[in-house]
Amino acid sequence: MNQDGLTPLIEGLVERRTKALARLISWAENQDPRIDEVLRRLYPRTGGATRLGVTGPPGAGKSTLITELVRAYRNAGERVAVVAVDPSSPFTGGALLGDRVRMGDLSEDPDVFVRSMATRGSLGGLAAATADVLDLLDAAGFDRLVIETVGVGQVELDVALAADTVLVVLVPESGDGVQAMKAGLMEIGNVFVVNKSDRDGAGVLVRELEGILALSGSPGGWRPPVVETSAVSGIGVEALLAAAAGHRKHLRDTGTIETGRRRTARSRILQETRRMLLEREDARGGDALEALVDRVAGRRLSPREAAAELLQAAGSTGGGGKD
Amino acid sequence: MDRKIRVLVAKPGLDGHDRGAKVVAAALRDAGMEVIYTGLHQSPEAIVRTALQEDVDVIALSVLSGAHDTLFRRVMDLLAKEGVEDVLVTGGGIIPPEDAEALATIGVGRLFGPGTPTGEIAAYIADWARNHRGLKA
């Protein structure tokens, strides 16, 4: 395939020119076939950025808090990019991406890059392309990547694979600690934030969270701290920055950053394998898959046999097809 | 490829409320578009920067303050300076027809007044995207 046109865009990205970067992010989001080659060339440049995930229920103040964090990183001279993910409607495919409303100040700073993404049918709290988009930003030389996602727990755990450090933001209205316990959020948080800490019930939530965290001990040698903030007035932001930096230091000191990155790499390989398998199936008209569906639904073939057939078919028709 | 029409809905200037912009944003979302909504008091510079970062197909500005002529012109100037020529700039608010005509001569798209059915706005944007991008909502 002729790669004409890619080089200027890739060079533009490396120089952090907004238009080139934004266009390549769109290619990743749209699964444009040209992104394969772009990522092949840029992937070796990734790995330099610190990745911070921020999750929590809607209305917890994540965007406001991120604005405060970004301001602090900017004051320290860092280049910062924010990826804010909101859900797509499962009915219309449309999405209202409103995180910028609370990040208004950041749009005035030409050195902060903010991109809103819709989940486009993906269920883990991030879009399927978020990992690729983070790689593009990483390759562009941003020092710090902040990923915001709505999470109410249970399934929105992708952020833990996308980020080195995950902040879970809760508010007194989030419910009692038992809600947090069942939500699965407790396992992905490296730092817990009780935002809107001036409100009634904040102290109770902090104590409950600390109680729950004490029960879980210190997985990997890290006991997640609980930090109280009031993002709109900037209270607690220093302490939060220190807590996130503490986790980062822990990752480096113990070598767990490597473990985490290997886990992420493994998950991405498997995710890409599944995507390519489906893509090849689509390219062949999807008939083979439908035929297998008939046989499995009719109880003539087990799902495992069907999977084996599908893999075999993909192997014989694939390889170098579009590379 | 899973291409969506991306629209920036923004309110430049000093307008005090964004009811209309929110109604339009929700309608475009329901028409299957990805709508980036930025809220009140955006400077034209911030709007254009946002449009570039988000790689939108369409910028929809809501202006109720009477400053539409200045604000739309400023946005068009900044887009030209960035070399952006293929983004639809449309919008609405309290904009007299003769002002809309004048803005049309510098490349601004249709401007919608109060009482416009939201479906009409969504259809206009979808048509534009089909004709200029080969996209459907």
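See the structure above.
The rules we used
- Residues numbered from 1 in each chain as written.
- Chains lettered and ligands numbered in written order.
- Predicted model: local features only at pLDDT ≥ 70, side-chain atom pairs only at ≥ 80, totals over all residues.
- Heavy atoms only, no water.
- Axes fitted to C-alpha atoms, helices over the stretch in contact; angles between N-to-C directions.
- Helix = DSSP H or I, 4+ residues; strand = E, 2+ residues; numbered from the N terminus.
- Parallel < 35°, antiparallel > 145°, perpendicular 65-115°, else oblique.
- Contact = heavy atoms within 4.5 Å.
- Nonpolar A, V, L, I, M, F, W, Y, C, P; charged D, E, K, R; others polar.
- Buried area = accessible area lost by both parts, 1.4 Å probe.
- Salt bridge = Lys/Arg side-chain N within 4 Å of Asp/Glu carboxyl O.
- Pairing = 2+ DSSP bridges.

*Asks:* I'd like a description of the packing of helix 4 (residues 62–75) of chain A against helix 10 (residues 237–254) of chain A, backed by residues and values.
*Replies:* Packed helices, taken two at a time, are described by the angle between their axes plus the distance between the axes. All names here are of chain A. Orientation of helix 4 relative to helix 10, taken along the N-to-C sense of each, is 75°, at an axis distance of 10 Å. Overall, the two elements helix 4 and helix 10 adopt an arrangement that is roughly perpendicular. Residues Leu 65, Glu 68, Leu 69, Ala 72 and Tyr 73 of helix 4 form the contact with helix 10, whose own contacting residues are Val 237, Leu 240 and Leu 241. Partitioned by chemical class, the residues of the contact of helix 4 with helix 10 number seven nonpolar, no polar and one charged.

*Asks:* How would you sum up the interface of chain B and chain A? Please name residues and give values.
*Replies:* Listed by partner, the interface residues are 28 residues for chain B and 31 residues for chain A. Both sides together, the interface formed by chain B and chain A hides about 2500 Å², and carbon and sulfur atoms give 46% of it. Our count for the contact surface shared by chain B and chain A stands at five salt bridges. B:Glu54 is the partner of A:Arg115 in a salt bridge, and the nearest nitrogen-oxygen pair spans 3.9 Å. Elements with a minimum of two residues in the side of chain B that touches chain A: helix 1 (19–30), strand 2 (34–37) and helix 2 (44–54) of chain B. Ranked by residue count, the leading element in the side of chain B that touches chain A is helix 2 of chain B, at six residues. Counted by class, the side of chain B that touches chain A contains nine nonpolar, eight polar and 11 charged residues. Both strand 3 (residues 95–97) of chain A and strand 2 of chain B contribute to a ladder of three bridges, which runs parallel. Within strand 2 of chain B, the residue paired with A:Leu97 across the bridge is B:Ile36.

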